[in-house]
Amino acid sequence: MTSGAWSETVPGVGTFFVGIDVAPGRYRCEEGKGGWWVRFTGPGGGEPVGSWPLPAGPAEIEILPSDFAFETHVATSWLRIGAARAAGDGRAFAPRPVADPTLRAELDVLVARRRPLVWLAPLTVLGIGLLGSPVLGSLWLIGLAMMAVMVALGTPSVSLDLQRARELERRRDRYLVPEDLDAPARGLLARAQEAIDAVRDSQVNREGMLDRVDNAVTLPRQEWEIAQVLAKQSRLRADQEEMAATAGDMPEVAAALAPLRAKLDASVAAVTRRVEALERYAGRARAADEALAAHRRLEAIAARAHEYDELLADTVRDDLALPAIERLTEQGDELVRTLRHRLAEAAEAGGELPPPPPPPAAPESAPG
């Protein structure tokens, strides 16, 4: 995974946290024969569902925003082919975990440092067998050789996944899960994430037409900053409710809480405006997608226009054929102008998002 953005591909072997390592969506691998996958659904991933063994040939999987993690063991990688269908089936959008965009690359570095030690594990087992064979006999060596093979096949992926999970737990302040938020905050986070997904999955973004906005960097940073603010608001709302409940009808306490409530309301209004800016950006990206689709349909029609030119030339006078061809050209020019205008609008809407501050340099962490 790359820093600041989800990759469009997921490695074939490993365990990946949804919203931290892997984006929700529909994925496809070209060869799944004999492999398997597990989606850890439900609160904390306590309701796993999976498929094993996979048949020969391509396989597809849909990772939902509400999933906790995705575990896979296939020979090829998974390619993201679109947004999760469940997000648009009429059900409420479920918010997903959010991580500091720099966390994924940091975990990758820490796990990579452990990789050589992990791969030495089968050699260590085999070495013990060689040392003990003069005393314990050849059966001991054969047994440990078989154990070394099992370790070589299973240890690397399992051990590195466990190491990644341990390192992630140590950095609990660097990611947030929906349970960290109260209901109003979860609603705002869901709106922000739905808008971000719409921009990221738009065709104009996939084809790099929104070149004035670096979505791969900007959108994850916006999502993380919004989630941090919402988590603080959730904690302060809970504190206010607790103080108000213990104070009863004391007017002095109510008077003291009033300015605090006003400041919290101002913060909620500010983050709501930020979410609305994301939603405007998503709306403009959708409009640009519609213009792009219409433009490409017109290109397909124009590619066959010569057949109609020949037909007109064969059946009517040239002065009747030319206006028809000119009208088709004018329609194409007008649609191109519309597409450019909507792309400019989408880029302008992306520019309304507040620029994120430069992320602080992460302290060097010693391998655990």
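These numbers were taken from a predicted model, which means no experiment stands behind them.

When helices and strands are tallied, the protein chain shows nine helices and ten strands. Counting contacts in the protein chain only where the partners sit at least 6 residues apart, residues at least 24 apart contribute 78% of the total. Roughly 20,000 Å² of accessible area belongs to the protein chain as shown, and the carbon and sulfur atoms make up 61% of that amount.

Another point: the sheet that holds strand S8 (residues 78–82). Spatially, the four strands line up as an open sheet ordered S1-S8-S3-S6, and their pairing is antiparallel. Two strands lie at the open edges of the sheet, namely strand S1 (9–10) and strand S6 (59–63), each paired on one side alone. Note that S1 and S8 share two bridges and pair antiparallel. In the strand pairing of S8, Thr9 is matched with Leu79.

What follows concerns the nonpolar core. Judged by nonpolar contacts, the single largest core of 34 residues is most densely connected at Leu219, Ile226, Leu230, Leu278 and Tyr281. When residues of this core are traced back to their parent elements, those giving at least two are helix H4 (183–201), helix H6 (215–247), helix H7 (251–303) and helix H9 (318–351). A per-element tally of this core places H7 first, with ten residues. If we ignore the near neighbours within four places in the chain, the residues touching Ile226 are Ala192, Val271, Arg274, Val275 and Leu278. By size, the runner-up hydrophobic cluster in this structure holds 15 residues, among which are Val18, Tyr27, Trp37 and Ile61.

The next subject is the pairing of strand S3 (residues 25–29). Strand direction decides the pairing type here: S3 and S6, joined by five bridges, are antiparallel. When the sheet's bridge partners are listed, Arg26 is paired in S6 with Glu62.

Time to look at the packing of aromatic side chains. Counting across every chain of the model gives two aromatic pairs. Their ring planes at 85° and their centres at 5.8 Å tell us that Phe17 and Phe68 sit as a pair that is edge-to-face. Here Phe68 lies in the loop between S6 and strand S7 (69–73) and Phe17 lies in strand S2 (residues 13–17), a separation of 51 residues in the sequence. Judged by relative accessible area, which is 13%, Phe17 ranks as buried. On the basis of an interplanar angle of 80° and a centroid distance of 5.9 Å, the ring pair of Phe70 and Trp78 is categorised as edge-to-face.

As a further point, take H6. For H6, with 33 residues, the first-to-last C-alpha span of 47 Å sits near the 48 Å given by 1.5 Å per residue. Two residues or fewer after H6 comes Gly248, characterised by a positive phi angle close to 65°.

The antiparallel open sheet is built from four strands, whose spatial order is S2-S7-S4-S5. Two strands lie at the open edges of the sheet, namely S2 and strand S5 (47–51), each paired on one side alone. Across the sheet, the mean angle from the axis of one strand to that of its neighbour is 10°, orientation sign disregarded. Direction of pairing for strand S4 (residues 36–41) relative to S7: antiparallel, over a ladder of five bridges. Paired with Phe40 across the strands is Ala69, a residue of S7.

This part takes up the environment of Asp21. With respect to the helices, strands and loops of the structure, Asp21 is situated in the loop between S2 and S3. On the accessibility criterion, Asp21 (1% relative accessible area) is buried. Sequence-wise, Asp21 and Ala69 are 48 residues apart; in three dimensions their C-alpha atoms are separated by 8.8 Å.

It is worth spelling out unusual backbone geometry at this point. Following Trp52, the chain continues into Pro53 via a peptide bond in cis, with omega recorded as -15°. Topologically, Pro53 is positioned in the loop between S5 and S6.

This paragraph deals with the environment of Asp197. For Asp197, the location among the structural elements is in helix H4. Put simply, Asp197 and Leu219 are 22 residues apart on the chain and 9.2 Å apart in space, counted from C-alpha to C-alpha. Those residues within four positions of Asp197 in sequence are excluded, and the remaining contacts are Phe93 and Arg96.

The next subject is H7. For H7, spanning 53 residues, the distance from its first C-alpha to its last is 77 Å, which sits close to the expected 78 Å at 1.5 Å a residue. Bending of H7 peaks at approximately 25° at the position of Ala258, with proline Pro259 no more than four residues after it.

Across all of its chains, the model carries 15 salt bridges by this definition. In this structure, Asp67 and Arg39 form a salt bridge, with 2.7 Å as the shortest nitrogen-oxygen distance. Residue Asp67 is found in the loop between S6 and S7, and its partner Arg39 is found in strand S4; the two are separated by 28 residues along the sequence. We classify Asp67 as buried; its relative accessible area is 2%.

A few words on the packing of H4 against H6. Direction vectors running N to C along H4 and H6 enclose 175°, while the axes themselves pass 9 Å from each other. Taken together, the axes of H4 and H6 lie roughly antiparallel to each other. Of the residues in H6, those touching H4 at Pro184, Ala185, Leu188, Leu189, Ala192, Gln193, Ile196, Val199 and Arg200 are Asn215, Leu219, Glu223, Ile226, Ala227, Leu230, Ser234 and Arg237.

About the cut-offs
Residues numbered from 1 in each chain as written. Predicted model: local features only at pLDDT ≥ 70, side-chain atom pairs only at ≥ 80, totals over all residues. Heavy atoms only, no water. Helix = DSSP H or I, 4+ residues; strand = E, 2+ residues; numbered from the N terminus. Contact = heavy atoms within 4.5 Å. Areas by Shrake-Rupley, 256 points an atom, 1.4 Å probe, with all protein chains shown as cover. Pairing = 2+ DSSP bridges. Core = buried A, V, L, I, M, F, W, Y, C linked by side-chain atoms within 4.5 Å. Buried < 20%, exposed > 50% of the residue type's maximum accessible area, 1.4 Å probe, protein only. Phe/Tyr/Trp six-rings, centres within 6.5 Å; stacked < 30°, edge-to-face > 60°. Expected span 1.5 Å × (residues − 1). Axes fitted to C-alpha atoms, helices over the stretch in contact; angles between N-to-C directions. Bend = angle between axes of the 7 residues up to and from the residue. Salt bridge = Lys/Arg side-chain N within 4 Å of Asp/Glu carboxyl O. Parallel < 35°, antiparallel > 145°, perpendicular 65-115°, else oblique.

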